[in-house]
Structure formats: structure tokens, C-alpha cells
Amino acid sequence: MNLECLKNENKRQDLVRAGGCAVLVQLLNKLLDNMLDSIPACDQVTELNELADLVTLQKALGVITNLMTKDDESRIGITDIGGVEAVVKITKTFPKCQTLQERACGVLLNFTYRNISGRQNIIDSGGIEVLLHAVNN
């Protein structure tokens, strides 16, 4: 995934209008489902290099962060299609992978900015507990 294209406002808006936010959330969920089926001990994974899909997961989180940082509509849209829940699931699935924990915590932080439903979804999905767990680890 080339994140450079997201620095261009027009390209970023094109991605949002084309349904890119929904695709990214679907990608997160699909990757997680596949990993849960193929990795018997996700909770023991500590490094991204243990599985190529983990790198894709990290990059997808990076794209979501970029979209939400630059665009309120994306932030609210990603919240509405289950983005918060997908990110919380990542942190619960890979509690020992510091890189994913850091990236996911950053995404959760972005969900809270000017986004009341994002804040509520974090609370409802157990995101506060996940953040506290990540900080303590």
C-alpha cells in the first residue's frame, strides 16, 4: 500500500468516495478471521515478521490513521461501519505484538477526535480496557 497518495487531498477524497473506508474495515476483519483460523496462538505473536498478513494489517491501520487524521467524514464513516470494533479486535487478538498495539492505540485515539459515536463505540467495545492493557504492557 502506497501511503504517499493519501497526502494528496483529491486522491484521498477519491478513495473515500469510492468506498475505500468500507474496504479497509472489511480487509481488517478478513485478515483477522484468516489469522484466527491459521495461527493457533495469535496471543503469542510478538513480531510482525512472523506472518506476512500482519504487515498488511499494520499498513491498513496506517491508511486508516491517515484518512481519519485528515478528514472528519472518514473518521465518522469508519466508525459507523465497524472500524472501532475491528481495531479493538486486533488489540485483543495480538496482545503481545507491540507494533500492532501501538498502531491500533493510535487509531483508537483518532476515533475520539470530534467523533462522539467513536468515543462511545470505544467504550462499548471494550476499547478502554484494551488501551489500559496496552499501556501496562
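Please read these numbers as outputs of a predicted model, since none were measured by experiment. Positions within a chain are numbered from 1, following the residues in the order the chain's sequence is written. Local features in a predicted model are, by the rule used here, given only for residues with pLDDT of at least 70; side-chain atom pairs are given and counted only at 80 or more, and totals for whole chains, interfaces and linings are based on all residues. To obtain the side-chain values, all non-hydrogen atoms of the structure were used and water was disregarded.

Asker: What's the story with the environment of Leu31 in this structure? I'm lost.
Answerer: Mapped onto the elements, Leu31 comes out in helix 2 (residues 20-38). Separated by 23 residues in the primary sequence, Leu31 and Leu54 have C-alpha atoms spaced 8.3 Å apart. Setting aside residues no more than four positions away along its own chain, Leu31 makes contact with Asp53, Thr56 and Leu57. Every helix listed is a DSSP run of H or I at least four residues long, and every strand listed is a run of E at least two residues long, numbered separately from the N terminus. Two residues form a contact once any of their heavy atoms are found within 4.5 Å.

Asker: Which parts of the structure should I look at to understand helix 5 (residues 83-93)?
Answerer: Spacing of three or four residues puts side chains on the same side of an α-helix, whose turn is 3.6 residues. Note on classification: 1.4 Å probe, protein chains only; a residue is buried when its accessible area is under 20% of the maximum for its type, exposed when over 50%, partly exposed between these limits. The element helix 5 is extensively covered by neighbouring structure, given that 8 of its 11 residues are classed as buried. Those residues of helix 5 that sit buried are Gly83, Val84, Ala86, Val87, Val88, Ile90, Thr91 and Thr93. In the core, the buried residues of helix 5 are packed alongside helix 2, helix 3 (52-70), helix 4 (72-80), helix 6 (98-112), helix 7 (116-124) and helix 8 (127-136).

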